[in-house]
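# Analysis of the macromolecular model
Chain residues, written in single-letter form:
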Amino acid sequence: MASNGEAAAVQVIAGWACPYAIRVFAALKLKGVEYEFLQEPAGRKSELLLKSNPVYKKIPVLLHHGTPICESMIIIQYIDEVWASSGTAILPAEPYARAVERFWAQYVDDKASPRETRTKQQHLEEAFVKCSQGKHYFGGDNIGFLDVVLGSHLGWFKAVEKIAGTKVLNEAKYPEITAWADRFCAHHAVKEVMPETDRHVEFSANSAVKAKASN
């Protein structure tokens, strides 16, 4: 964190409940990079966000010595490259393995909402078996790029499970991806940045009340 009124070298403009921000926080934790969290105000866009991301005008944005990097998957790759000598590599070194993880990461962002996941878990189960090669994570022995991208949605998946009273991840049919989800959430770098399920549920309820009041 910054001290003496000076800005931190690394800052993240984000919202605590945003899964795309959580993946950035997790990547920074995996690399052991200290950062300052700049909470974006609810319901409006700050001047700093609009200045930092004038094209999409959305979070998260990484500020590295004041220079903005936008879009969560691009940010993760930036973190992996800039702090290559810190922690473990997030992306695979081998080009084909790297391409495979990027493909499935894009699939996740295109398809993996809690509702969509019920019909897409077979693909994710197969992807896990292929990428993990019998190890604990998509990245093998350690959390990698695809783990962070998919895992960032798990907080909201658990909230949906609690709100709807039904399971999003089908353990009986897809045991590998379900077991992976438990391991991911228990990882020390993830536990520090993944909001508790009850906080997600409360946020969802408050958002619904505000939306109803505005209609």
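Residues numbered from 1 in each chain as written. Predicted model: local features only at pLDDT ≥ 70, side-chain atom pairs only at ≥ 80, totals over all residues. Heavy atoms only, no water.

Bringing the overall build of the protein into the picture now. Counting secondary structure elements, the protein contains ten helices and four strands. Going from the N terminus to the C terminus, the protein shows its helices and strands as β-α-β-α-β-β-α-α-α-α-α-α-α-α. Taking all 215 residues of the protein together, the buried fraction comes to 46%. When contacts within the protein are restricted to residue pairs at least 6 apart in sequence, those whose partners lie at least 24 apart make up 67%. Here the protein has roughly 11,600 Å² of accessible surface; of this, 53% comes from carbon and sulfur atoms. (Helix = DSSP H or I, 4+ residues; strand = E, 2+ residues; numbered from the N terminus. Buried < 20%, exposed > 50% of the residue type's maximum accessible area, 1.4 Å probe, protein only. Contact = heavy atoms within 4.5 Å. Areas by Shrake-Rupley, 256 points an atom, 1.4 Å probe, with all protein chains shown as cover.)

In this section: helix α1 (residues 19–31). For α1, spanning 13 residues, the distance from its first C-alpha to its last is 19 Å, which sits close to the expected 18 Å at 1.5 Å a residue. With respect to burial, α1 is a largely interior element, eleven of its 13 residues being buried. Residues of α1 that are buried include every one of Pro19, Ala21, Ile22, Arg23, Val24, Phe25, Ala26, Ala27, Leu28, Leu30 and Lys31, and no others. Positive backbone phi, approximately 70°, marks glycine 32, located one or two places after α1. (Expected span 1.5 Å × (residues − 1).)

Interaxial distance between α1 and helix α3 (residues 72–82) falls to 9 Å at its minimum, and their mutual angle equals 5°. Overall, the two elements α1 and α3 adopt an arrangement that is roughly parallel. Listed contacts from α3 to Tyr20, Arg23, Val24, Ala27, Leu28 and Lys31 of α1 are Ser72, Met73, Ile75, Ile76, Ile79 and Asp80. Partitioned by chemical class, the residues of the contact of α1 with α3 number eight nonpolar, one polar and three charged. (Axes fitted to C-alpha atoms, helices over the stretch in contact; angles between N-to-C directions. Parallel < 35°, antiparallel > 145°, perpendicular 65-115°, else oblique. Nonpolar A, V, L, I, M, F, W, Y, C, P; charged D, E, K, R; others polar.)

A cis amide bond, omega 0°, links isoleucine 59 with the succeeding residue proline 60. Mapped onto the elements, proline 60 comes out in the loop between α2 (47–52) and β3 (61–64). The phi torsion at lysine 57 lies on the positive side, around 55°, for a residue other than glycine. Within the secondary structure, lysine 57 is located in the loop between α2 and β3. Look at glutamine 133: it is not a glycine, yet its phi comes out positive at around 50°.

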